[in-house]
Amino acid sequence: MNKTTVKVIFPAPEPGRPTWPFVDYDIAGRSKQVIEMLQKSLPQIDFSADIYTDAEQASKALKSEQGKFDGYLVYLTSMWTGVQEYVAENFHPVIIADELYSGSGGLLKVNSLIREKNLPVVTVASSDFQDIIDAVRLFDVMNKMRHSTIAVVADGDTWGARKEIIKKTNEIFGTQVVRIDSEKIKALYEQVDSSEANSWKDKWIKDAEKVVEPDEDEILKSARMYLALRAAMQETHADAITVDCLGLYYANRLVAYPCLGFFQLNNDGQIGVCEADIDSTLTQMLMQYLTGRPGYVSDPVIDTATDQIIYAHCVATNRVFGPDGMANPYIIRSHAEDRKGASVQSLLPVGKIVTTAKVCTVSKSFIVHSALTVANIDDDKACRTKLAAEVDAERVLENYNYHKGHWHRVTVYGDCRKDLINLARLYGLDIIEEDR
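Notes on the structure in this doc start here. (Residues numbered from 1 in each chain as written. Predicted model: local features only at pLDDT ≥ 70, side-chain atom pairs only at ≥ 80, totals over all residues. Heavy atoms only, no water.)

### Digging into the sheet that holds strand β13 (residues 330–333)
What counts here: We call two strands paired when DSSP finds no fewer than two bridges between them. Each helix is a run of H or I in the DSSP string that is no shorter than four residues. Each strand is a run of E no shorter than two, and both are numbered from the N terminus.
Taking strand neighbours across the sheet as the criterion, the three strands line up as β8-β13-β14 in an open arrangement whose pairing is mixed. The sheet is open, and its two borders are formed by β8 (210–211) and β14 (343–346), each paired with just one other strand. Bridging between β8 and β13 involves two bridges; their strand directions are parallel. Bridge pairing in β13 places Lys 210 opposite Ile 331.

### Examining the environment of Gly 272
Quick reminder of the rule: We call two residues in contact when some of their heavy atoms are within 4.5 Å.
Counting through the fold element by element, Gly 272 comes out in strand β10 (residues 271–273). Taking the C-alpha atoms as reference points, Gly 272 and Val 297, 25 residues apart in sequence, are found 9.8 Å from one another. Ignoring any residue separated from it by four or fewer positions in sequence, one finds Gly 272 in contact with Ile 241, Phe 262, Leu 265, Asn 266 and Gln 284.

### Details of the pattern of salt bridges
Formally: The rule for a salt bridge is simple: a side-chain nitrogen of Lys or Arg has to be within 4 Å of a carboxyl oxygen of Asp or Glu. Categorising residues by exposure relies on relative accessible area from a 1.4 Å probe, with only protein chains included: less than 20% of the type maximum marks a residue as buried, more than 50% marks it as exposed, and the intermediate range marks it as partly exposed.
Counted according to the given criterion, the structure contains 30 salt bridges. Where Asp 202 meets Lys 201, a salt bridge forms, and the shortest distance between an N and an O atom there is 3.0 Å. Judged by its relative accessible area of 41%, Asp 202 is partly exposed. Across the salt bridge formed by Asp 380 and Arg 333, the nearest N and O atoms sit 3.9 Å from each other. With Asp 380 in the loop between β16 (365–376) and β17 (385–390) and Arg 333 in strand β13, this residue pair connects regions lying 47 residues apart in the sequence.

### Some thoughts on the packing of aromatic side chains
The following threshold applies: By convention, a stacked pair of Phe, Tyr or Trp rings (six-membered ring in the case of Trp) has centres within 6.5 Å and planes under 30 degrees apart, an edge-to-face pair has planes over 60 apart, and any other such pair is tilted. Only Lys NZ and Arg CZ are tested; either one counts as a charge over a ring when it is within 6 Å of the ring centre and within 35 degrees of the ring normal.
Taken as a whole and judged by the stated rule, the model has 13 aromatic pairs. Ring centres 6.1 Å apart and planes at 40 degrees place the aromatic pair Trp 200 and Trp 204 in the tilted group. Highlighted residues: Trp 200 and Trp 204, both in helix α8 (residues 194–207), separated by four residues, approximately one helical turn. Judged by relative accessible area, which is 15%, Trp 200 ranks as buried. Measuring from centroid to centroid gives 3.9 Å for Tyr 249 and Tyr 257, while their planes differ by 20 degrees, and the two rings are stacked. Tyr 257 sits in the buried class, given a relative accessible area of 1%. Taken together, the aromatic side chains of Phe 69, Tyr 72, Tyr 86 and Phe 91 make up a single cluster linked through ring pairs. In this structure, Arg 224 packs its charged tip against the face of Tyr 189, placed 5.0 Å from the ring centre.

### Considering empty space enclosed by the protein
As a reminder, the rule being used: Of the two site types, the cavity is a set of points on a 1 Å grid over the protein atoms alone where a 1.4 Å probe fits but cannot get out, and the pocket is an open set with protein on both sides within 12 Å along at least five of seven lines, each lined by residues with an atom within 4 Å of a point. Grid points are joined across faces, edges and corners, and a volume is the space filled by probe spheres set on the points. Any residue that is not Ala, Val, Leu, Ile, Met, Phe, Trp, Tyr, Cys, Pro, Asp, Glu, Lys or Arg is counted as polar, Gly included; the first ten are nonpolar and the last four charged.
Throughout the structure, instances matching the rule amount to one cavity of 30 Å³ or more. Its volume calculated, the largest cavity comes out at about 40 Å³. Lining the largest cavity, in full, are Asn 266, Gly 272, Val 273, Cys 274, Gln 284, Gly 295, Tyr 296, Val 297, Val 315 and Ala 316. Those elements that provide at least two residues to the lining of the largest cavity are β10 and β11 (296–303). Across the lining of the largest cavity, the residue classes tally to six nonpolar, four polar and no charged.

### Section: the sheet that holds strand β4 (residues 94–98)
Note the following rule: Axis angles are defined between N-to-C directions and span 0 to 180 degrees, where every axis is a line fitted to C-alpha atoms and, for a helix, only to the segment in contact.
The parallel open sheet is built from five strands, whose spatial order is β2-β1-β3-β4-β5. Two strands lie at the open edges of the sheet, namely β2 (45–52) and β5 (121–124), each paired on one side alone. In this sheet, neighbouring strand axes are inclined to one another by 20 degrees on average, regardless of whether the strands run parallel or antiparallel. Lying on the sheet, helix α15 (residues 417–426) is in contact with β4 and β5; it crosses β5 at an angle near 140 degrees.

### Some points on unusual backbone geometry
Omega for the peptide link from Trp 20 to Pro 21 comes to 0 degrees, which places this bond in the cis form. In this model, His 92 is joined to Pro 93 through a cis peptide bond whose omega is -5 degrees. Here Pro 93 lies in the loop between α3 (83–90) and β4. A positive phi angle, near 60 degrees, is found at Asn 252, a position not held by glycine. Inspection of the secondary structure puts Asn 252 in the loop between α10 (245–250) and α11 (259–267). Here Asn 252 falls in the exposed class, since its relative accessible area comes to 72%.

### Describing helix α7 (residues 182–190)
Where we set the bar: By definition, the arc is the one covered by directions from the helix axis to the C-beta atoms.
Taken residue by residue, α7 has Ser 182, Ile 185, Leu 188 and Tyr 189 as its buried positions. Down the axis of α7, the smallest arc covering the buried residues is 120 degrees, so these residues share one side. Opposite the packed face of α7, turned more than 90 degrees from it, sit the exposed residues Glu 183 and Glu 190. Buried-residue contacts for α7 involve β6 (149–153), β7 (176–180), α9 (216–236) and α10.

### Comments concerning the environment of Ile 367
Structurally, Ile 367 is set in strand β16. Look at Ile 367 and you get buried, because its relative accessible area is 1%. On a C-alpha basis, the gap between Ile 367 and Glu 434 in space is 6.8 Å, while along the polypeptide they are 67 residues apart. If near-sequence neighbours (up to four positions away) are discounted, Ile 367 is found in contact with Thr 356, Ala 357, Lys 358, Asn 401, Lys 404, Gly 405, Arg 409, Ile 432 and Glu 434.

### Considering a nonpolar patch on the surface
How we decide: Residues enter patches when their relative accessible area tops 30% and they take part in no salt bridge; the joining distance is 9 Å for like charges and 5 Å for the nonpolar side chains Val, Leu, Ile, Met, Phe, Trp and Tyr. For the area figures, the Shrake-Rupley method with a 1.4 Å probe applies, and any residue is considered shielded solely by the protein chains shown.
On the surface, a nonpolar cluster with roughly 350 Å² of combined accessible area is contributed by Trp 20, Leu 100 and Tyr 101. Its place among the elements puts Trp 20 in the loop between β1 (4–11) and α1 (27–41).

Structure representation (structure tokens):
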């Protein structure tokens, strides 16, 4: 993958002009300090810097470099140059950050312009330099998305992998989508090494708290399916895979559910998502590139009596803090709706803040809410994993937009709401905060 490149722009007044922070402030010296701090904190990004005194100077320089950078940071070391307004209106993606008492009036002015024109620009007004680092890191997430591929296993168009969704995926995120049909997965399934499949079957059974419905033969089928999906990802150079699991299994085109395979992919730092749902896959990719943690796709259930939202699905990781994080217990169950195959009931950590979100490519929207995990619900109805979390249930019910985000939502452990909202802004998405 190409290394992320960022242009850092420092606006400066003409020499001798009195303005904030003060006349003849050493902007050249300060720019070197800022670049050193950025490089130290973000070694995965290449930075280059320039100082511009007005919009015309910025225009000549930046137009000659068009397409060279993955993002632009305007670090406000001065006010009233017109540089930040020019960059905000003509380049993408852009972050504009204030050095307090240097460019503060300029930030307020350009921020008003951004809001009035709905520009895809993030502004940072903070004395904590870490807030600037966190914002700039988003350029690296966006670069990863541009160089990523999603493999979709489906026979023809499905609701979550329609042609318009695939088209929008590339237009908005630059992410490629490759299609794989069920016959290809069947062929890869038949080619799986039996000893390797048996090893995965034995490992899953050994590591599980218990096995309830499936027998060893069914779990072995799941292991073979996992290895087939992994091979499909390798062949297509895919960074994520999503499967029309319900449609293909119900039509007898899949020998086994991919639930345990997704469980293992997500545990290992890769991305496996249910139901050929590209929007959920994109959401999980954003979360993983941002936090290093896997997402949990679910069908949420709202309970206003307890002020809870219950995230329910038959696929869940048991390493919510990443491949090197703690593992929580899990149970191997049958798939809930048809009581066939093998799936996972993960007993996820409670007492933790989670961020739940969903990209909708067709409507160019981004949905988000936050919650505190409180319980794992053990109820025989519906999907196997049911993570309950405290939220303003009435508010979420009022704001829940099925048509923009479908039923699915994607949950990641940790409070990354601000970063995800900033990413959505940089992509020009309409932001819907369900709990506010």
